[in-house]
Amino acid sequence: MAGEPQADCLFCKIVSGEVPATVVRETDTTVAFRDINPQAPTHVLVIPKAHHPDAASLAAAEPQVTADVLREAGAVAADEKLDETGYRVVFNTGSGAGQTVFHAHAHVLGGRGLNWPPG
């Protein structure tokens, strides 16, 4: 069920503390931690504590938590000093877009040039 922890979800296990992560920020509704396969000098994931399979389902079910994820993405960028040089926030939705963990999450990327279009 949406919003409930899923036994087979890596990010739910990080939220519960069952799987370790390098947490950089945490609020009542979100956790931000360093990506284990970084694609930029700074690569932090911001996730809602509640399980939703992707950003669209999170936004439909819990718009305030969606806003919390985005606010925390900005806070991570500020903490990492990326707000001075620029950063990217990415939500991959679906396997065709590169989503590999089906728990909504935002990637905060920065610390190097980020070309457009991505790909």
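Here the structure is a predicted model, which means the values were calculated and not measured.

K.L.:
Would you mind showing me how to read the sheet that holds strand 2 (residues 30-34) here?
P.N.:
Taking strand neighbours across the sheet as the criterion, the five strands line up as 1-2-3-5-4 in an open arrangement whose pairing is antiparallel. Each of the sheet's edge strands pairs with one partner strand only, and the pair in question is strand 1 (23-26) and strand 4 (87-90). Here the average twist between neighbouring strands, direction ignored, is 20°. Inspection of the sheet shows strand 1 paired to strand 2 by three bridges, in the antiparallel sense. Residue Arg25 lies in a different strand from strand 2, and its bridge partner there is Ala32. In the packing of helix 3 (residues 63-79) onto the sheet, contacts are made with strand 1, strand 2, strand 3 (42-48), strand 4 and strand 5 (106-110), and the angle to strand 3 comes to roughly 155°.

K.L.:
Mind showing me how you'd approach the state of the cysteines here?
P.N.:
Disulfide: a covalent bond connecting the sulfur atoms of a pair of cysteines. As enumerated under the stated definition, the model contains zero disulfides in all. Free of any disulfide, Cys9 has its nearest cysteine sulfur in Cys12, 3.6 Å distant. The exposure class assigned to Cys9 is buried, which follows from its relative accessible area of 5%.

K.L.:
Sorry, what's going on with the pairing of strand 5 here?
P.N.:
Look at any regular strand and the pattern is simple: side chains alternate between the two faces of the sheet. For strand 5, the buried fraction is high: five of the five residues fall into the buried class. Judged by which residues are buried, strand 5 turns out to be covered on both faces: Ala106, Val108 and Gly110 on one side and His107 and Leu109 on the other are all buried. Of the pairings in the sheet, the one linking strand 3 to strand 5 comprises five bridges and is antiparallel in character. Across the sheet, residue Val44 finds its bridge partner in strand 5, namely Val108. When strand 4 meets strand 5, the two strands line up antiparallel, connected through four bridges. Note on strand 5: the bridge partner recorded for Val89 is Val108.

K.L.:
Would you mind going over unusual backbone geometry with me for this structure?
P.N.:
What is expected of a backbone is that most residues other than glycine have negative phi and most peptide bonds are trans. Trp116 connects to Pro117 through a cis peptide bond whose omega is 0°. Note that Pro117 resides in the segment after strand 5. The phi dihedral of Lys81 is positive, around 65°, even though this residue is not glycine. Mapping Lys81 onto the fold places it in the loop between helix 3 and strand 4.

K.L.:
Even after reading the chapter, I still don't get the pattern of salt bridges, so can you show me in this structure?
P.N.:
A side chain of one charge can pair with a side chain of the opposite charge if their charged atoms are brought near each other. Going through the model one piece at a time under the given rule, you end up with five salt bridges. Between Lys49 and Glu26 there is a salt bridge, and its shortest N-O distance comes to 2.9 Å. Of this pair, Lys49 sits in the loop between strand 3 and helix 2 (55-61) while Glu26 sits in strand 1, and the two are 23 residues apart along the sequence. Measuring nitrogen to oxygen at the nearest pair gives 2.7 Å for the salt bridge that ties Arg34 to Glu80. With a gap of 46 residues between them, Arg34 in strand 2 and Glu80 in the loop between helix 3 and strand 4 connect regions that are remote in the sequence. Overall, Glu80 belongs to the partly exposed group, its relative accessible area being 24%. Here the residues in one salt-bridge network are Arg25, Glu72 and Asp79, joined through shared partners.

Parameters at a glance
- The written sequence of each chain sets the order in which its residues are numbered from 1.
- The predicted nature of this model means local features are confined to residues of pLDDT at least 70 and side-chain atom pairs, given and counted, to a pLDDT of 80 or more, with totals for whole chains, interfaces and linings taken over all residues.
- In computing side-chain values, all of the structure's heavy atoms are included and hydrogens and water are not.
- Think of it this way: DSSP has to see at least two bridges between two strands before they count as a pair.
- Secondary structure counts use DSSP, requiring at least four H or I residues in a row for a helix and at least two E residues in a row for a strand, with both numbered from the N terminus.
- Note on geometry: axes are C-alpha line fits, over the in-contact stretch for helices, and angles between N-to-C directions span 0 to 180 degrees.
- Contacts are assigned to residue pairs with any non-hydrogen atoms lying within 4.5 Å of each other.
- Cysteine sulfur atoms are paired as a disulfide whenever they fall within 2.5 Å.
- Accessibility here uses a 1.4 Å probe with only protein chains present; expressed as a share of the type maximum, an area under 20% marks a residue as buried, one over 50% as exposed, and anything in between as partly exposed.
- Between Lys or Arg on one side and Asp or Glu on the other, a salt bridge is scored when a side-chain nitrogen of the former is within 4 Å of a carboxyl oxygen of the latter.

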